[in-house]
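Summary of the model geometry
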Amino acid sequence: MTVAAAFAGMRRAMPVVFRAGCPDCRGRFELGANALRLAIGASSRTTFYSFTCPECGVSVRKPAGERIVELLTGGGVRTLRLHSTV
Ligand SMILES: [Zn+2]
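Quick look at the structure, then. Keep in mind that what you see is a predicted model, and the values were worked out from it rather than measured.

A positive phi angle, near 65 degrees, is found at Arg26, a position not held by glycine. Following the sequence through the fold, Arg26 ends up in the loop between strand 1 (17-21) and strand 2 (28-32).

Here it is in structure tokens:
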């Protein structure tokens, strides 16, 4: 069964993939939303996303700007809020 068939009837459930690159092995790949984590801090300096490189296994952490945050949250990436005040 394909992913599309599994989610038939859920029209917004298009499989979302994010392009990412590994600074360690320089691999380029696509990751599903469940492979990414987003941490939103009080400022842009403490807002970042992370994933594990599927090629070399290293943990990658990258700063996430406003657009990236929108993209990731809209794509269903698990989000961790590091600050309690909104
Ligand atoms: Zn890598």
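The next thing to look at is the sheet that holds strand 4 (residues 48-52). The pairing of strands in a sheet happens through backbone hydrogen bonds and is either parallel or antiparallel. Strand order in the open sheet formed by four strands is 5-4-3-6, with mixed pairing between adjacent strands. At either margin of the open sheet sits one strand with a lone partner, and together these are strand 5 (59-63) and strand 6 (78-81). Put simply, the sheet's adjacent strands are angled 20 degrees from each other on average, direction ignored. Pairing geometry for strand 3 (residues 36-40) and strand 6, over four bridges, is parallel. Its bridge partner lying in strand 6, Arg37 is registered against Arg78. Against the sheet, helix 2 (residues 66-74) engages strand 3, strand 4 and strand 6, with an angle of about 130 degrees to strand 3.

Structurally, the position occupied by Lys62 is in strand 5. Residue Lys62 is classed as partly exposed on the basis of its 13 C-beta neighbours within 10 Å. Residues Lys62 and Thr47 lie 15 residues apart in sequence; the distance between their C-alpha atoms is 8.6 Å. For Lys62, the residues in contact, after removing those within four places along its chain, are Phe48 and Tyr49.

Parameters at a glance
Residues numbered from 1 in each chain as written. Predicted model: local features only at pLDDT ≥ 70, side-chain atom pairs only at ≥ 80, totals over all residues. Helix = DSSP H or I, 4+ residues; strand = E, 2+ residues; numbered from the N terminus. Pairing = 2+ DSSP bridges. Axes fitted to C-alpha atoms, helices over the stretch in contact; angles between N-to-C directions. Contact = placed C-beta atoms within 7 Å. Buried ≥ 20, exposed ≤ 12 C-beta atoms within 10 Å, placed from the backbone.

Note that all results are geometric; they support no functional claim without further evidence.
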